[in-house]
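# Structure at a glance
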Amino acid sequence: MAERTTARTDREQSFEDSSDRPTLSAAPTSNRRLLAWVSDVARLTQPDQVVWCDGSQEEFDRLTAEMVAAGTLIPVPKRPGSFLARSSSSDVARVESRTFIAAATQEEAGPTNNWREPNALREELNGVFSGSMRGRTMYVVPFSMGPVGGPISQLGVQLTDSPYAVVSMRIMTRMGQAALDAITEDTAWVPALHSVGYPLVDTLGRSRPDMAWPCNEHKYIAHFPDTREIMSFGSGYGGNALLGKKCFALRIASVMARSEGWLAEHMLIIKVTSPEGRVHHLAAAFPSACGKTNLAMLQPTIPGWKVETIGDDIAWMRPGPDGTLRAINPEAGFFGVAPGTGWSTNPTAMQMIGENTIFTNVALTDDGDVWWEGMTDEVPEHLTDWRGNDWTPESGTTAAHPNGRFTVSAAQCPSIADDFDAPEGVVIDAVLFGGRRRSNVPLVLEARDWEHGVYLGATISSEQTAAAEGTVGELRHDPFAMLPFAGYNMADYFAHWLSVGSSLPDDKRPKVFGVNWFRRGDDGRFLWPGFGENSRVVEWICRRVEGSAGAEEIPLGLVPGVDALNLEGLDVPVGDLEELFSVDPTSWNAELDQLEQWFTTFGERLPAELPTQLQTLRDRLPRG
Ligand SMILES: Nc1nc2c(ncn2[C@@H]2O[C@H](COP(=O)(O)OP(=O)(O)OP(=O)(O)O)[C@@H](O)[C@H]2O)c(=O)[nH]1
Ligand SMILES: O=C([O-])CC(=O)C(=O)O
Ligand SMILES: [Mn+2]
């Protein structure tokens, strides 16, 4: 814990004196709505000063230096320009139980979201934010999701008292003056208010020391879909605090997308080039910590194939004038899971994070580098763990938090695609849905048509990971990998997917696939080697798109026949391969019973196509 070194009293003074406290006269914008909002928030939260961020390197260097002085960041000498942040141990992941969708009615938010009545929540939040920035600086962070001015892009402004959020937003979004300049009186932009909820001065004027990672036990991640506003309180971590990411690019954007006929999705985007030079773009939705970053940076093990990265977490997809589905990655960086990222699993990411990277909740080596489980085969004999304690392999804990992360600019990704920045997006040829399933779900499966594909997306379930609070390993439904991210009723979201699909011409509509890298044998080991070997599945998918690969029909859909999956040079026992595609009628019927039960939670709003698909599947299963 580091004490603040700046003198408090002078600033408090100017606080009391000035009626229009934090002066806005120096603001680098004349946008009235923005100025009014900034000044209203400053009046409510009472920061010492307001700083307008320009997104420059100088600003980044100044903020990181201040955070090093305050103990929030620790330099990582082995990686130039890199820092480690250790969060409070109670602030390590998204908090779904405190994530609210304040739609006009509970029905609008739907059964999968925590609904709050908007006026009541707003009032509650006004109380919570009142004075919440006392003794701190409030940063104004203008940002663009997608290239500034692009036809699929959107603008936002985050107000935050967390310099960690500011520097992270600079990496993760197009942040700074260019975004601010794009906000004119008549452009739409999303106001996103954030406070860590740890004021340094109380209402009586008494001060307290700062902490390395200030936060508040009482958290709110609140969304107002009708007015397209975000208010986040109490957390400094990832998806809770970098408001361009899950809050805007998924929850608010999904609401915009529904009313405007497009899709805001928890999906990676890759560009795949075949040995003949044919290019295909794939988008894939997997739940948090289920392999998006890894697939986005895949290095194919099969000769002649190339995979390049466009996005690793979020895709905005719009039907284009030519009938194709065009996608951009609205982000500008990667907030990736560190544990499991190593030279053998994701060498691209390892190259990418050699410098200019912010690490959060990973371990430090004695010689000034970072480390986490899965980075190297050899485990160091001594480390400082993510909490800052001495650690040895005998400690009986993990050295890094399982949701430890790296934050790095996409510009540093060696596999970044040339069309990463294309404002009009890339044409999506195939959409993949996957989860972490130890049984039942085959390695790869092609949907018979769009409706069947929507069924595959809607019925994703996955073993819970460390990316949110909850019991790791428990199976839960995570439709479209959007359970924590859909900003409106999930049943309406299914209907929207059906409707977007039917608006696309037959020859332009992406094919849909299900994948599962995580199936295990009876002995608990993964049946499929995964990672680079997933290129074999990608190859089959591309060949199906081209119309040149065979498929066999099984009750679940279409799978590669014996010869259709390229297994050359792969050492997987035949028994394992059979198991990867095996369908056990008894456990499938049990799964369908469970799904049918889950469908009832959506009541009348559930599109009829989904129970129809389920019944078709039931009819096709052999009697168990
Ligand atoms: N067995 C196996 N594990 C994998 C595979 N791909 C990824 N993983 C592991 O899954 C974990 C999370 O992978 P990521 O690629 O970071 O997941 P993500 O979907 O990008 O996660 P978020 O950033 O939370 O949305 C890591 O520990 C990976 O090592 C695979 O093909 N096989
Ligand atoms: O939002 C976060 O904190 C990290 C993330 O990508 C996810 O959980 O899917
Ligand atoms: Mn994610």
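The rules we used
Residue numbering note: each chain is counted from 1, following its sequence as written. Whichever chain is written first becomes A and whichever ligand is written first becomes 1, with later ones labelled in order. Totals for whole chains, interfaces and linings use all residues, but because this is a predicted model, local features are given only for residues with pLDDT of at least 70 and pairs of side-chain atoms are given and counted only at 80 or more. As a rule here, side-chain values cover all heavy atoms of the structure and leave hydrogens and water aside. We count a salt bridge whenever a side-chain nitrogen from Lys or Arg sits within 4 Å of a carboxyl oxygen from Asp or Glu. Here a helix means four or more residues in a row that DSSP labels H or I, a strand means two or more in a row labelled E, and each is numbered from the N terminus. Exposure is judged per residue with a 1.4 Å probe applied to protein chains only, and the accessible area is read against the type maximum: over 50% gives exposed, under 20% gives buried, and values in between give partly exposed. Pairing between two strands is assigned when DSSP locates at least 2 bridges connecting them. In this description, a line fitted to the C-alpha atoms serves as the axis of each element, helices being fitted only across the stretch in contact, and the angle between N-to-C directions of two axes falls anywhere from 0 to 180 degrees. By definition in these notes, contact holds between two residues if any of their heavy atoms fall within 4.5 Å. UniProt positions are given in the numbering used here, feature names are shortened, and annotations may be inferred rather than shown by experiment. Put plainly, a pocket is an open set of points on a 1 Å grid over the protein atoms alone with protein on both sides within 12 Å along at least five of seven lines, a cavity is a set where a 1.4 Å probe fits but cannot get out, and a lining residue has an atom within 4 Å of a point.

### Things to note about the pattern of salt bridges
Pairing is possible between side chains of opposite charge, provided their charged atoms come close. Taken as a whole, this structure holds 40 salt bridges when the rule is applied. A salt bridge links Glu108 to Arg258; its shortest N-O distance comes to 3.6 Å. With a gap of 150 residues between them, Glu108 in helix 4 (residues 106-109) and Arg258 in helix 9 (residues 244-260) connect regions that are remote in the sequence. As a salt-bridge pair, Lys246 and Asp313 come within 2.8 Å of each other at their nearest N and O atoms. With Lys246 in helix 9 and Asp313 in the loop between strand 15 (306-311) and strand 16 (315-319), the pair connects residues that are 67 residues apart, well separated along the chain. The same class applies to Lys246 and to Asp313, which are both buried. One network of salt bridges, with partners in common, ties together Glu107, Glu108, Arg258, Asp492 and Arg605.

### Describing the sheet that holds strand 19 (residues 358-360)
Strand order in the open sheet formed by five strands is 2-3-19-24-18, with mixed pairing between adjacent strands. Edge positions in the sheet fall to strand 2 (73-75) and strand 18 (333-337), since each of these pairs with one other strand and no more. Ignoring strand direction, the axes of neighbouring strands in this sheet form an average angle of 25 degrees. Across five bridges, strand 18 lies against strand 24 (residues 405-409) in antiparallel orientation. Each bridged residue has a counterpart across the sheet, and for Gly336 the counterpart in strand 24 is Phe406. Its contacts with the sheet place helix 6 (residues 163-172) against strand 3 (83-85), strand 18, strand 19 and strand 24, and it is angled at close to 55 degrees to strand 24.

### Brief notes about the UniProt feature "binding site: GTP" (unreviewed entry) in the protein chain
UniProt feature "binding site: GTP" (unreviewed entry): in the numbering of this structure it lies at Ala289, Cys290, Gly291, Lys292, Thr293, Asn294, Arg405, Arg436, Phe531, Gly532, Glu533 and Asn534. A maximum C-alpha distance of 24.1 Å among these annotated residues, which run over 246 residues, shows that they spread across the structure rather than meeting at one spot. Residues from the named set that contribute to the lining of the second largest cavity are Cys290. In this structure, Cys290 sits in the loop between strand 14 (279-285) and helix 10 (292-296). Those residues in contact with Cys290 that lie beyond four places of it in its chain are Arg436, Ser462, Thr465 and Phe518. Look past the residues within four positions of Arg436 in its chain and what remains in contact with it is Ala289, Cys290, Ser461, Ser462, Glu463, Thr465, Asn516 and Phe518.

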